[in-house]
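Observations on the model geometry
Here's the letter readout for the chains.
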Amino acid sequence: MTIFDIFYMLGGIGLFLFGMTVMSTGLKNAAGDNLQNILEKVTSNRIVAVLLGIGITILIQSSSATVFMVIGFVNAGMMTLAQAIGIIMGANIGTTVTAQITAFNLAKYSPILLFIGTIMYIFIKRNILKHIGAIIMGFGMLFFGVAVMKEGIAPLSESAGFKTFLTGLSNPVLAVLFGFGFTALLQSISSSSVIFQAFAVQGLLSLNTSAYLLIGGAVGAVFPIVLASLTTNKDGKRTALADLLFNLMRMVILVIILGLFPGIMDIIESLSPTDIGRQIANTNTIFALIAVLVILPFSGLLIKLVEKIMPVEEEEHEQKRDRTLQYMINISKLPAAMAVSQAQKEITRMGRVASKNLHRSIECFFNYNPEKAAKIRAREESVNILNHTIADALVQLRELDLTSENMRRVSMMTIAITDIERISDHAENIIEYTEEMLSKKAAMSEDALEELRKMSKDVLEEVDLALDIFESDAYDKLDDLETIEDGVDKQEDLLIGNHVQRLMDGGCDPLAGVVFADIVTDLERCGDHAINIAYSLKERPKELDEDRITDPMAYMEAMERDAMKHDTSKKDGTKIDKDRAHD
């Protein structure tokens with residue numbers, strides 16, 4: 001075997017891997033956001049989750065890509081670990097389809113596939129057709145690469161050294177370890193299984209040795225996923241750990257089965273006695289099916305094991321509670337009036353979470369701590385998730401037989417959750433300003449800090465009072481709220497004036513001065529949002545007759561038009577703050 005034979009083989013492997021990448025990318029682009037949307041709506045039914053994992057992995061030809069998407073959803077709180085387990089198991093089955101495809105001898109069709117795919121990709125402007133062209137071109141590269149690889153491998157059958165090396169792999173332990181290392185290097189069980197196929201077709205690997213290589217390869221494929229999960233939160237890490245444990249269990253189960261029932265390989269061989277490439281593809285698929293069938297019924301125990309290794313802390317329990325509905329559960333089965341009351345409680349709870357975030361961000365400004373900042377950002381994500389979840393539930397609420405008054409309240413609740421979400425946005429802004437100032441080593445004067453303490457205290461009091469009013473319709477407290485808001489507005493003008501004077505006198509760092517002005521603005525807008533929240537359920541659009549509310553969306557639009565008519569002095573009710581005007 002010459003150096004050129006080695007280059008030929010490596011070129012075939014490279015072309016195959018690149019074809020896999022092109023094909024996978026084309027499939028994902030053609031699907032657009034549909035795959036993410038499907039994953040996002042996955043149910044807790046384990047069978048459905050497995051089937052979904054199989055289907056998506058077949059579509060994108062990458063179990064790693066499927067698992068990465070799942071980790072991303074779990075990391076964002078949009079999917080639970082229990083839902084993720086089923087998809088991960090399904091992905092392990094779906095990834096075996098690549099070897100099934102390459103077991104067909106389609107190399108003679110690869111040039112025409114390459115030609116058609118390239119023409120479509122280069123000359124057609126329509127995106128969907130370009131993506132289909134990329135898929136066809138990827139298939140062509142894949143089959144052509146496999147053909148080149150097989151030709152490059154053929155001379156290895158004459159190499160005594162290589163034969164000796166492969167003979168060593170007849171030891172199951174060595175075969176599993178090599179399969180693990182080889183697949184971890186390639187970062188794809190689909191790719192390594194096809195390469196093992198090519199070696200077997202040239203007579204360099206037996207079916208039995210290939211079986212153990214595939215068992216080790218399944219564990220090796222998790223290696224890049226575990227590395228990538230290091231940048232995620234604990235839920236993301238637990239998902240990667242679940243994938244790793246599943247494949248370790250799969251390895252143990254299959255090794256035991258092969259040890260106790262070696263005849264199973266004879267059965268697999270008998271399915272396609274003259275085609276070892278197909279035998280390896282079938283082995284890969286059957287092994288994946290066996291593992292899922294054995295482990296899936298015990299997925300609850302798998303989750304407990306994951307949480308035993310990486311315990312769920314109280315703070316994470318709080319985050320999960322924050323991100324899920326507590327009151328608006330099965331609202332379609334409740335009496336309409338009770339459902340509206342539950343919605344009011346749920347939105348108040350969301351408001352308390354946002355208020356807590358504002359409290360913590362101000363504390364972090366005066367006493368910065370990276371861990372506190374990370375918690376504030378996580379809580380902001382919780383508020384965002386609640387915002388969308390409650391908004392969806394309010395849509396369901398409108399389908400009930402609501403009175404005109406309850407319809408009005410539900411419509412205004414939709415506006416209120418936006419104000420609450422923005423309060424949490426401002427909390428995150430304050431953290432960003434703080435970190436910017438610290439990174440530039442800018443210092444704020446004591447006078448400026450004292451002014452911010454006073455304004456922050458008033459704004460926090462205003463937000464909490466507004467939520468009290470919203471929660472219990474305590475409109476007798478509105479005068480107290482207005483007094484605080486008037487004071488906050490006056491402080492904004494006073495503090496900005498003092499800030500300009502300090503800049504002119506050289507008593508304030510310019511960057512710290514910018515941060516000061518930004519925080520004052522954010523605090524003032526939090527006060528505006530508080531006023532909106534407090535008044536949100538009190539008023540109703542004067543242009544609508546109480547007995548003629550038939551179209552919820554039209555009603556919503558009328559509510560917003562009515563709100564925009566209010567004077568910003570707030571004497572007539574809802575104040576439209578600067579954020580809403582800008583947005």
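The structure reproduced in this document is the subject of the present report.

1. Observations regarding the overall build of the protein
When helices and strands are tallied, the protein shows 26 helices and zero strands. Counting over 583 residues, the protein shows a buried share of 52%. Residue pairs in contact within the protein that sit at least 24 positions apart in sequence constitute 79% of those at least 6 positions apart. Put simply, the protein shows about 26,500 Å² of open surface, and 61% of that area lies on carbon and sulfur atoms.

2. Points about the pattern of salt bridges
If you walk through the whole model with that rule in mind, you get ten salt bridges. Residue E450 pairs with R453 through a salt bridge whose shortest N-O separation is 3.6 Å. Of this pair, E450 and R453 both sit in helix α22 (residues 446–472), three residues apart, which is roughly one turn of that helix. A single salt-bridge network, built from bridges that share partners, covers R352, D468 and E471.

3. Side note on a negative patch on the surface
A grouping of E461, D476, D479 and D480 is seen on the molecular surface, where their side chains present a negatively charged patch. Relative to the elements of secondary structure, D479 occurs in helix α23 (residues 478–505).

4. Quick notes on a nonpolar patch on the surface
On the surface, Y109, I112, F115, I116, I119, Y121, I122 and F123 cluster together to form a nonpolar patch covering roughly 800 Å² of accessible area. Structurally, I122 is set in helix α7 (residues 110–123).

5. Concerning the side chain of Q491
Its place among the elements puts Q491 in helix α23. Ignoring any residue separated from it by four or fewer positions in sequence, one finds Q491 in contact with K454, M455 and D458.

6. Section: the packing of helix α19 (residues 336–366) against α22
Viewed as axis vectors pointing N to C, α19 and α22 meet at an angle of 170°, and their least axial separation amounts to 10 Å. Regarding the angle of α19 to α22, the classification is roughly antiparallel. Grouping the amino acids of the contact of α19 with α22 by side-chain chemistry returns twelve nonpolar, seven polar and five charged.

7. Focus: the side chain of T414
Structurally, T414 is set in helix α21 (residues 404–439). A polar side-chain atom of T414 sits 2.8 Å from a polar atom in the side chain of R398.

8. Digging into the nonpolar core
With 66 residues, the main nonpolar core has L358, L394, L397 and M444 as its most contacted residues. Secondary structure elements with two or more residues in this core: α19, α20 (370–397), α21, α22, α23 and α24 (510–535). In terms of residue count, α21 provides more of this core than any other element does, 13 residues in total. Setting aside chain neighbours within four positions, we find L397 in contact with I331, A339, V340, A343, L402 and V410. Of all hydrophobic cores here, the second largest spans 24 residues; its members include A200, L207, Y212 and M265.

Conventions used here
Residues numbered from 1 in each chain as written. Predicted model: local features only at pLDDT ≥ 70, side-chain atom pairs only at ≥ 80, totals over all residues. Heavy atoms only, no water. Helix = DSSP H or I, 4+ residues; strand = E, 2+ residues; numbered from the N terminus. Buried < 20%, exposed > 50% of the residue type's maximum accessible area, 1.4 Å probe, protein only. Contact = heavy atoms within 4.5 Å. Areas by Shrake-Rupley, 256 points an atom, 1.4 Å probe, with all protein chains shown as cover. Salt bridge = Lys/Arg side-chain N within 4 Å of Asp/Glu carboxyl O. Patch = residues over 30% accessible without salt bridge, like charges linked within 9 Å, V, L, I, M, F, W, Y side chains within 5 Å. Lys, Arg positive; Asp, Glu negative; His and termini not counted. Charge placed at Lys NZ, Arg CZ, Asp CG, Glu CD. Axes fitted to C-alpha atoms, helices over the stretch in contact; angles between N-to-C directions. Parallel < 35°, antiparallel > 145°, perpendicular 65-115°, else oblique. Nonpolar A, V, L, I, M, F, W, Y, C, P; charged D, E, K, R; others polar. Polar contact = N/O pair within 3.5 Å; in protein donor to acceptor, adjacent residues only side chain to side chain. Core = buried A, V, L, I, M, F, W, Y, C linked by side-chain atoms within 4.5 Å.

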